[in-house]
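Here's the letter readout for the chains.
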Amino acid sequence: MSDETNPFAAMMAQMQEMAKAFPQMGAFDPSKGIDPKAMEAMWPTMPKEVMETWFGNALNENGLDAKTRLLITLAGLTMQGAQADSAIRQTVRHAREAGATDQQISETLGMMAVFAGVPAMTRAMELAQEVMTDSEDKT
């Protein structure tokens, strides 16, 4: 069966051509493997107001604000062994946007040494430091 008569092959060829129109799709280059930082660039940091609306205290005024929820999320990701590099970096970016200071992020991660262990805390701190350093270079 040739490509012209195989609808799946035609669909795949069409999708590959469409993907070339998106520069971020370089993150999916099979010959190089997936670039996690390029993947992260596809998901920009949400504005603080959006985070407060979606998962902050905008709808529950006595509930947790977005900053607190993101610090808790960061602690949880560390408790899982700090294995999700992209998720940790993205959470740090969002926490900073939601108003968390570098000190608060560092304290959250430092406290996880007791609960998640020093290796997990150290890895999470290294990932957070990447974000903090990258952001300082751009300002």
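For the structure, see preceding data.
First things first, this report covers the structure right here in the doc. (Residues numbered from 1 in each chain as written. Predicted model: local features only at pLDDT ≥ 70, side-chain atom pairs only at ≥ 80, totals over all residues. Heavy atoms only, no water.)

1. A word on the overall build of the protein
When its secondary structure is counted, the protein shows 7 helices and 0 strands. The N-to-C order of helical and strand elements in the protein reads α-α-α-α-α-α-α. When burial is assessed residue by residue, the protein has 25% of its 139 residues classed as buried. Looking at the protein alone, contacts between residues at least 24 apart form 56% of all its contacts between residues at least 6 apart. On the protein, roughly 9,000 Å² of surface is accessible, and the fraction owed to carbon and sulfur atoms is 60%. (Helix = DSSP H or I, 4+ residues; strand = E, 2+ residues; numbered from the N terminus. Buried < 20%, exposed > 50% of the residue type's maximum accessible area, 1.4 Å probe, protein only. Contact = heavy atoms within 4.5 Å. Areas by Shrake-Rupley, 256 points an atom, 1.4 Å probe, with all protein chains shown as cover.)

2. Description of the nonpolar core
One recurring pattern in soluble globular proteins: nonpolar side chains tend to sit buried together. Counting residues in hydrophobic clusters, the biggest one holds 19 residues, and the most contacted among them are Leu 74, Ile 88, Val 92, Ile 105, Leu 109 and Ala 128. Those elements giving two or more residues to this core turn out to be α4 (66–79), α5 (85–97), α6 (102–116) and α7 (118–138). Non-local contacts of Ala 128, meaning those with residues more than four positions away in its chain, are made with Val 92, Ile 105 and Leu 109. (Core = buried A, V, L, I, M, F, W, Y, C linked by side-chain atoms within 4.5 Å.)

3. So, helix α1 (residues 7–19)
Relative to the 18 Å expected for 13 residues at 1.5 Å per residue, α1 spans 18 Å between its end C-alpha atoms, a close match to the ideal helical length. At the N-terminal boundary of α1, the capping side chain belongs to Asn 6, with an oxygen 2.9 Å from the backbone nitrogen of Phe 8. (Expected span 1.5 Å × (residues − 1). Polar contact = N/O pair within 3.5 Å; in protein donor to acceptor, adjacent residues only side chain to side chain.)

4. Digging into the side chain of Thr 91
Relative to the helices and strands, Thr 91 resides in helix α5. Other than its neighbours up to four places away in sequence, Thr 91 contacts Leu 70, Thr 73, Leu 74 and Leu 77.

5. Brief notes about the packing of α4 against α6
Packing of α4 against α6 leaves a shortest axis separation of 9 Å and a crossing angle of 35°. In this structure, the crossing between α4 and α6 has a hand that is right-handed. Only Gln 104, Ile 105, Thr 108, Leu 109, Met 112, Phe 115 and Ala 116 of α6 make contact with α4, whose side of the interface consists of Lys 67, Leu 71, Leu 74, Ala 75, Thr 78 and Met 79. The residue makeup of the contact of α4 with α6, split by class, is 9 nonpolar, 3 polar and 1 charged. (Axes fitted to C-alpha atoms, helices over the stretch in contact; angles between N-to-C directions. Left-handed = near helix turned anticlockwise from the far one by under 90°. Nonpolar A, V, L, I, M, F, W, Y, C, P; charged D, E, K, R; others polar.)

6. A short note on the pattern of salt bridges
Taken as a whole and judged by the stated rule, the model has 4 salt bridges. A salt bridge links Asp 85 to Arg 123; its shortest N-O distance comes to 2.6 Å. Placement of Asp 85 in helix α5 and of Arg 123 in helix α7 is noted, with a sequence separation of 38 residues between them. Between Arg 96 and Asp 102 there is a salt bridge, and its shortest N-O distance comes to 2.8 Å. Taken together, the shared-partner salt bridges connect Asp 85, Arg 123 and Glu 126 into one network. (Salt bridge = Lys/Arg side-chain N within 4 Å of Asp/Glu carboxyl O.)

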